[in-house]
Amino acid sequence: MTENLTADWMARDDLVALVAALGPDNARYVGGAVRDSLLGQPVKDIDMATSLLPEEVMQRLWDAKIRHVPTGIEHGTVTAVLPGGPVEITTLRHDVATDGRRATVAFATDWHEDAARRDFTINALYADPVSGEIFDWFGGLADLAARRVRFIGDAHQRIREDHLRILRYFRFQARFGTQPADAEAEAACCELAPTLKGLSRERVGMEMMNLLGLP
């Protein structure tokens, strides 16, 4: 598996302008866009993580005349509305408290700390927007090459932080995984399955529709 990301979408003029506005050292592509590009699959949504606070992000976008919306400002997310499609820009975070349904977060400055709060290793891959260098702290590249869906750290802990990750695990397993599946992950999902009853019907329903829409 390559350790540098090369993708046509990274050369889009509007994304180049966005990176310039934020500062190349302050932002990295993260999550699905990185994962799917490494697999050679189409990229639908582009997300960025940044070490800048949301107010600084908005000021820089304003100065660069890039339209933006504070879509989740309490959680550090600002959406840049670009000609090629929206890009969610989220300030680095760490969890202060979680109850399985929602998380209280604080802003952070450490990329590794932000990656550690994510769900699966294959979703915790960050890419430098200029060089394409991949940052991988949890073996996500190896898991991606092996088509292995694995929680970051302790599977039980990740699920207790967000119960919806049970359904997300099976969705990602259906899309990316191979058999045999990760035994620890499946055991944790089975053990903690009753916790799903504490989630809203809307969240469960949306995740189920995404799951059932896969081949």
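Residues numbered from 1 in each chain as written. Predicted model: local features only at pLDDT ≥ 70, side-chain atom pairs only at ≥ 80, totals over all residues. Heavy atoms only, no water.

Asker: Help me out: how do you make sense of the overall build of the protein in this one?
Answerer: Secondary structure assignment for the protein yields 9 helices and 9 strands. Against the 2.2 N^0.38 benchmark of 17 Å for 215 residues, the protein shows a C-alpha radius of gyration of 17 Å, consistent with a compact globule. Overall, the C-alpha framework of the protein stretches about 50 × 35 × 30 Å when taken along its three principal axes. Considering only residue pairs separated by 6 or more positions, the protein has 60% of its internal contacts joining residues 24 or more positions apart. Counting every atom, the protein has about 10,800 Å² of accessible surface; 53% of that belongs to carbon and sulfur. In the protein, 24 side chains carry a positive charge and 32 a negative one; their mean positions are 6 Å apart. (Helix = DSSP H or I, 4+ residues; strand = E, 2+ residues; numbered from the N terminus. Rg over C-alpha atoms; globule rule 2.2 N^0.38 Å. Contact = heavy atoms within 4.5 Å. Areas by Shrake-Rupley, 256 points an atom, 1.4 Å probe, with all protein chains shown as cover. Lys, Arg positive; Asp, Glu negative; His and termini not counted. Charge placed at Lys NZ, Arg CZ, Asp CG, Glu CD.)

Asker: Just checking my understanding: could you explain the packing of helix α7 (residues 165–176) against helix α9 (residues 201–212) for this structure?
Answerer: Here α7 crosses α9 at 10 degrees, and the two axes come no closer than 9 Å. It follows that α7 is roughly parallel to α9 by the angle criterion. Seen from above, α7 lies across α9 with left-handed handedness. Residues Leu167, Arg168, Phe170, Arg171 and Ala174 of α7 form the contact with α9, whose own contacting residues are Val204, Glu207, Met208, Asn210 and Leu211. Its residues assigned to classes, the contact of α7 with α9 comprises 6 nonpolar, 1 polar and 3 charged. (Axes fitted to C-alpha atoms, helices over the stretch in contact; angles between N-to-C directions. Parallel < 35°, antiparallel > 145°, perpendicular 65-115°, else oblique. Left-handed = near helix turned anticlockwise from the far one by under 90°. Nonpolar A, V, L, I, M, F, W, Y, C, P; charged D, E, K, R; others polar.)

Asker: Is there a simple way to explain the pattern of salt bridges in this structure?
Answerer: Working definition: two side chains of opposite charge can pair if their charged atoms are close together. Evaluation of the coordinates by the stated rule reveals 12 salt bridges. Residue Asp162 pairs with Arg203 through a salt bridge whose shortest N-O separation is 3.4 Å. Here the residue Asp162 occupies a position in the loop between α6 (155–161) and α7, and Arg203 occupies one in helix α9, the gap between them amounting to 41 residues. For Asp162, a relative accessible area of 18% gives the class buried. Relative accessible area serves as the criterion here: at 28%, Arg203 is assigned to the partly exposed category. Here Arg171 ties to Glu207 by a salt bridge, and the two come within 2.4 Å at their closest N and O atoms. Here the residue Arg171 occupies a position in helix α7, and Glu207 occupies one in helix α9, the gap between them amounting to 36 residues. (Salt bridge = Lys/Arg side-chain N within 4 Å of Asp/Glu carboxyl O. Buried < 20%, exposed > 50% of the residue type's maximum accessible area, 1.4 Å probe, protein only.)

Asker: Is there a simple way to explain the nonpolar core in this structure?
Answerer: For soluble globular proteins, nonpolar side chains are generally found buried alongside one another. If you look at the biggest cluster of nonpolar residues, it comprises 49 residues, and the most contacted ones within it are Trp9, Leu18, Leu22, Tyr29, Met48, Leu61 and Ile89. With near-sequence residues (within four places) excluded, Leu18 lies in contact with Met48, Leu61, Ile66, Ala80, Leu82, Val87 and Ile89. Counting 10 residues, the second largest nonpolar core, distinct from the first, contains Val30, Leu92, Ala115 and Tyr126. (Core = buried A, V, L, I, M, F, W, Y, C linked by side-chain atoms within 4.5 Å.)

Asker: How do you make sense of the packing of α7 against helix α8 (residues 183–192) when you look at a structure like this?
Answerer: Relative placement of two packed helices is described by the angle separating their axes and the distance separating the axes. For the pair α7 and α8, interaxial distance at closest approach is 10 Å and the crossing angle is 140 degrees. Compared by their axis directions, α7 and α8 come out oblique. Seen from above, α7 lies across α8 with left-handed handedness. Of the residues in α8, those touching α7 at Ile166, Tyr169 and Phe170 are Ala185, Glu186, Cys189 and Leu192.

Asker: How should I be thinking about the pairing of strand β1 (residues 27–30) in this particular structure?
Answerer: Within a regular strand, the side chains alternate between the two sheet faces. Burial along β1 is two-sided: the face carrying Ala27 and Tyr29 and the face carrying Arg28 and Val30 are both buried. Bridge analysis of β1 against strand β2 (residues 46–50) gives 4 bridges, and the strand direction is antiparallel. Bridge pairing in β2 places Tyr29 opposite Met48. The sheet contact formed by β1 and strand β8 (residues 126–127) spans 2 bridges and is antiparallel. Each residue of the ladder has a partner; that of Val30, found in β8, is Tyr126. (Pairing = 2+ DSSP bridges.)

The values reported here are purely geometric and, on their own, carry no functional implication.
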